[in-house]
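Overview (structure and organization)
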Amino acid sequence: QVELVESGGGLVQAGGSLRLSCAASGRTFSAYTMGWFRQAPGKEREFVSHITWTARATYYADSVKGRFTISKDNAKNTMYLQMNSLTPEDTAVYYCAVFPGGPLYTPDSYGAWGQGTQVTVSS
C-alpha cells in the first residue's frame, strides 16, 4: 500500500512561484502513473496535471497549461508540481494521487490520496 505526503504549499503573492512535492512510500514508485488535483473552498476537486509512470507523457488542465510543470524523480520517490505565474484563482488545497486507470481527468480514477497542502495566492 503506497502512502503519499504532499508538501511545499504556502502563501505567495500573485505572479509568484511555488514547487509542490509528493513523497511516496514503497519500492515501486517508478511504476506509478500519478496526478495532481486541487480543491478550493466550496468547489469540487478538479484535475490539475497527470504524469505517466515513464514520465514520457504529461497532461494539464487548460487553466494551468504553460504555467505549471509536473515531473517525477523515481530515484527520490517524489513527484513535483512547479507552479509559476500564480494567480488568486490558483488558491486551493492541492492533492497528489496514484492513477490505477480510468478516465484521466476524474478524481474517482485515482487513489491513495495524500492529505493535501494549502496554496494561497494573494492579490
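This text follows the structure it describes.
Residues numbered from 1 in each chain as written. Predicted model: local features only at pLDDT ≥ 70, side-chain atom pairs only at ≥ 80, totals over all residues. Heavy atoms only, no water.

Let us now look at the packing of aromatic side chains. Here the structure, examined in full by the defined rule, presents eight aromatic pairs. Between the aromatic rings of Phe37 and Phe47, the centroid separation amounts to 5.7 Å while the plane-to-plane angle is 80°, which identifies the pairing as edge-to-face. Of the two residues, Phe37 sits in strand 4 (residues 34-39) while Phe47 sits in strand 5 (residues 46-51), which places them ten residues apart along the sequence. We classify Phe37 as buried; its relative accessible area is 0%. For Phe47, a relative accessible area of 8% puts it in the buried group. Each ring, one from Phe99 and one from Tyr110, has its centre 4.9 Å from the other, and the planes form 50°; the classification is tilted. With a gap of eleven residues between them, Phe99 in the loop between strand 9 (92-98) and strand 10 (117-122) and Tyr110 in the loop between strand 9 and strand 10 connect regions that are remote in the sequence. Both residues of the pair, Phe99 and Tyr110, belong to the buried class. Aromatic ring contacts, followed pair by pair, group Phe37, Phe47, Tyr95, Phe99, Tyr105, Tyr110 and Trp113 into a single cluster. Cation over ring: Arg45 sits above Tyr95, and NZ or CZ is 3.8 Å from the ring centre. In this arrangement the basic side chain of Arg45 is found over the ring face of Trp113, its NZ or CZ atom lying 4.6 Å from the centre. (Phe/Tyr/Trp six-rings, centres within 6.5 Å; stacked < 30°, edge-to-face > 60°. Helix = DSSP H or I, 4+ residues; strand = E, 2+ residues; numbered from the N terminus. Buried < 20%, exposed > 50% of the residue type's maximum accessible area, 1.4 Å probe, protein only. Lys NZ or Arg CZ within 6 Å of the ring centre and 35° of its normal.)

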